[in-house]
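# Inside the fold
Chain residues, written in single-letter form:
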Amino acid sequence: MYYTQEQIDHANQADLVSFLQSQGEQLTRAGQEYRWKRHDSLTVRGNKWYRHSQSKGGAPIDFVMEFFGKSFTEAVEMLTGEKGAAPPPDRPILASFSDFRLPPRSTDNSTARNYLTAARRIDEDVTGFFFSTGDIYEEAAHHNAVFVGRDEDGIPRYAHQRGTAGSFRLDVKGSDKSFNFCYRGEGERLFVFEAPIDLLSFLCLFKKDWQKQSYLSLGGVGEKALLRFLSDRPNIKTVFLCLDSDEAGNDACSRLVKLMPEGYTVHRLIPLFKDWNEVLQHRAKITDGKYLREAIYGLKEPPQEETVEIIRMSEVDTQIVEWLWEPYIPFGKVTIVQGNPGEGKTTFALRLAAACTNRKPFPHMAAHEPFNVIYQTAEDGLGDAIEPRLMEAEADLDRVLVIDESNQGLSLSDERIERAVRQTGARLIILDPIQAYMGEKTDMNRANEVRPMFRRLADVAERTGCAVILIGHLNKAAGGQSAYRGLGSIDFRAAARSVLLIGRVKREPNVRVIVHDKSSLAPEGKPVAFCLDPETGFSWIGEYDITADELLSGAGGNTATKTEQAERLILDLLADGKELASEDIEKAATEAGISARTVRAAKRNLDGRITSKRIGAAWYHALKK
């Protein structure tokens, strides 16, 4: 019989308390809910019910079908008191669904329980689970075991009776074999069997975490239940056909594989004996736990798509940066040192190499045990230029090494670099200058040629933990920003983790300043200066107040000149009797390219000309009258 959607909605709005009372059932009030005396774990409230022992509930139609054994149409009629009509011509409904009803339940499941556990040897915890959900129960008239199949909404649509004595088997009238006995898990695997007994036996044999996956009985070897299950459960990715080990099972597997939609991985598990219950019956004799005769993998595979290798940041190991000279030169990375010819790049590199071999002091450098250094140069002779300067720096010459290029020139992508680093244990390699090691066929102005070469060199540094320093010249684009003054492609600078700029101070020709122009691994370090005096030689000066662009343009001066600029700025700001906070003066100085440290020095120099007083937490300054 047919019911309209309006009638179905009306049935699902029925008050369950009133309904049960009209059926002569006894209820006890528990707060805003009622407990049903016959099922004390069940509560009702309005048109909702919940069975706490099974963690399930629903609407009135489900309730009547579940507890009164009615079909869908009978439940609607019982709740509304209205008879259904014949289905309209344009909306036929399956007679099997309307005719289906579960067999009446026995008040005691003991006969069915005993049959499954004693005769079929199925574990009590497995049978107990399905008895508690109502998917297995004992039929009242003949004490058959009833296996219930439900749709995705939990409504019974199928039932199979199995005799507890003899070989009686029968599908209940009106059963829809699309919804056979099953268990729906949240996992991606589905295990398929011919009969419910085989399904339960398999769970006993492979019990660990079984509730995570899905299991389906076909009720034979037809495909109807399998195709419907896959249609309703898009989470399934892998299907295991666990049919009987006989000719019928073999033929069915071949047929089912062809009928299944594309996109699934299909395997077959063949039981050690004819079926899974027979394996379970002999479980005690199978001492090695090998319940399979054979596992056949890959009966069907989804189309192979080209996959992209993905790295999850959660799986990346955090690395702590080790420093040769913090924060200027890291170990295991590429650093570029650049500047105009004759302005101290090679001198700095040789002094650094010496410090790594002899423990001689280097500004702000942590103490290192002496280690080997590889120094490659294409601009200076080893005997007449490099060795004398290393000796002057008191380097341990046994620890300064050179890759022999007499037979074959070296390039940045040459595998000899990594071999030499590993062979000697060197922790620093210096290549001076970059353009001499680009290779004859590489255009250093083309990014597509520079990038792969630098990537390989960076990988060598990463794998070996060796610091790599590349000495580079500047181009002739005077007045440009420091980032665009490096010779060759901008990718040189992009690939390096640190870039140091070395230049001559225009007003002090003997002073060279190292400016930290790029730093990817730590805040940029302060400029550091050294002196190349024709008479006294090399000496460190220390921190120096100048920017990279000032150093390149020649606008920068020495520290004293900066202090003078700061003094003039302070006097101008405080002119005409103005009084300013120290914070405002430092802000104006920053905009003029003057550091807070230089401002403080200027204030000390102007101590006799300005007054200072504290108001709250701030200091204010004014000119003395």
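This one's a predicted model, so the numbers in the text were calculated from it and none came from an experiment. All residue numbers refer to position in the chain's written sequence, counted from 1. Whole-chain, interface and lining totals are the exception, using all residues; otherwise, since this is a predicted model, local features are given only for residues with pLDDT of at least 70 and side-chain atom pairs are given and counted only at 80 or more. Hydrogens and waters are ignored; side-chain quantities use all the structure's heavy atoms.

On to the overall build of the protein chain, then. Counting from the N terminus, the helices are the DSSP runs of H or I reaching at least four residues and the strands are the DSSP runs of E reaching at least two. Within the protein chain, the secondary structure is distributed over 20 helices and 29 strands. The C-alpha atoms of the protein chain give 43 Å as radius of gyration, which overshoots the globular expectation for 625 residues (25 Å, by more than 25%). Projected onto its principal axes, the C-alpha positions of the protein chain cover 120 × 75 × 50 Å. Look at the contacts in the protein chain between residues 6 or more apart in sequence, and 63% of them connect residues 24 or more apart. The quantity called the radius of gyration is restricted to C-alpha atoms. Its globule counterpart is 2.2 Å times the number of residues to the power 0.38. We call two residues contacting when some pair of their heavy atoms lies within 4.5 Å.

The next subject is a nonpolar patch on the surface. A patch consists of residues whose relative accessible area exceeds 30% and which take part in no salt bridge; residues with like charges are grouped when within 9 Å of each other, and nonpolar side chains (Val, Leu, Ile, Met, Phe, Trp, Tyr) when within 5 Å. Each accessible area is a Shrake-Rupley result for a 1.4 Å probe, and residues are judged covered by the shown protein chains and nothing else. A carboxyl oxygen of Asp or Glu within 4 Å of a side-chain nitrogen of Lys or Arg is what we treat as a salt bridge. On the surface, I311, M313 and V316 cluster together into a nonpolar patch covering about 360 Å² of accessible area. Take I311: it is sitting in the loop between β15 (292–300) and β16 (323–325).

Sheet architecture is open: 4 strands sit in the order β6-β7-β8-β9, paired in antiparallel fashion. A single partner strand is all that each edge strand has here, and the edge strands are β6 (136–138) and β9 (169–171). With strand direction ignored, the average angle separating the axes of adjacent strands in the sheet is 25°. By this definition, two strands are paired if DSSP reports at least two bridges between them. Two elements, strand β7 (residues 145–150) and strand β8 (residues 156–162), share 6 bridges in a ladder whose sense is antiparallel. Looking at β8, one finds that A145 is bridged to R162. The convention used is that axes are lines fitted to C-alpha atoms, helices contributing only their stretch in contact, and that angles between N-to-C directions extend from 0 to 180 degrees.

Mapped onto the secondary structure, N277 falls in helix α11 (residues 276–281). What makes N277 buried here is its relative accessible area of 4%. Sequence-distant contacts of N277, that is, excluding residues within four places in its chain, are made with R120, I122, I197, D198 and S201. Here the term buried applies to any residue with accessible area under 20% of the maximum for its type, exposed to any over 50%, and partly exposed to those in between, with areas from a 1.4 Å probe on protein chains only.

Working definition: a disulfide is two cysteine sulfur atoms within 2.5 Å of each other. Applying the stated criterion across every chain yields a total of 0 disulfides. Cysteine C242 remains unbridged, with the sulfur of C253 as its closest cysteine sulfur at 8.6 Å. By relative accessible area, which is 3% here, C253 ends up buried.

Before going further, it helps to examine the layout of surface pockets. Two kinds of site are reported from a 1 Å grid over the protein atoms alone, namely cavities, where a 1.4 Å probe fits but cannot get out, and pockets, open sets with protein on both sides within 12 Å along at least five of seven lines, and residues are called lining when an atom falls within 4 Å of a point. Grid points are joined across faces, edges and corners, and a volume is the space filled by probe spheres set on the points. Of the voids in this model, the largest pocket is the one considered here, and its volume is about 620 Å³. Looking at the largest pocket, it is lined by 25 residues, and the ones nearest its centre are K56, T133, D135, R150 and G154. Among the elements of the structure, β5 (56–58), α3 (60–68), α7 (124–133), β7 and β10 (182–183) are those that each provide at least two residues to the lining of the largest pocket. Those domain boundaries reflect an automatic or database domain assignment. Two domains each provide a minimum of three residues to the lining of the largest pocket, namely domain 1 (5–80) and domain 2 (109–300). Taken as a whole, the second largest pocket holds about 480 Å³ of empty space. At the level of elements, α3, α7 and β6 are the ones that each hand at least two residues to the lining of the second largest pocket. Here the term charged refers only to Asp, Glu, Lys and Arg, the term nonpolar to Ala, Val, Leu, Ile, Met, Phe, Trp, Tyr, Cys and Pro, and the term polar to all other amino acids, Gly among them. For the lining of the second largest pocket, a count of residues per class yields 7 nonpolar, 8 polar and 6 charged. The residues that make up the lining of the second largest pocket include at least three from each of domain 1 (5–80) and domain 2 (109–300).

Within a regular strand, side chains alternate between the sheet's two faces. One ladder, built from 6 bridges, connects strand β28 (residues 610–615) with strand β29 (residues 618–623); its direction is antiparallel. Residue pairing across strands places R614 opposite W619, the latter belonging to β29. Hairpin connection, β28 to β29: the antiparallel pair is bridged by 2 residues, and G616 has positive phi, about 70°.

Listed in full, the buried residues belonging to helix α9 (residues 224–232) are A225, L226, F229 and L230. Seen end-on, α9 carries its buried residues on one side only, within an arc spanning 130°. Arc definition: it is the arc formed by the directions from the helix axis to the C-beta atoms.

Applying the stated criterion across every chain, the model contains 30 salt bridges. Salt-bridge contacts for K207 lead to D123; the nearest nitrogen and oxygen are separated by 2.6 Å. Linking K207 in the loop between α8 (196–205) and β12 (214–217) with D123 in the loop between α6 (110–119) and α7, this pair joins segments that are 84 residues apart in sequence. Residue classification places K207 among the partly exposed residues on the basis of a relative accessible area of 28%.

Moving on: the environment of A461. Structurally, A461 can be placed in helix α15 (residues 447–464). Each C-alpha atom, one on A461 and one on V334, is 7.0 Å from the other, the two residues being 127 residues apart in sequence.

So, about the confidence of the model for the protein chain. Per-residue confidence from the predictor is given as pLDDT, running between 0 and 100. Looking at the protein chain, the pLDDT average stands at 87 and 93% of residues meet or exceed 70. Ignoring residues within four places in sequence, the model shows residues 91–97, a span with pLDDT below 50, making 10 contacts including any to other chains.

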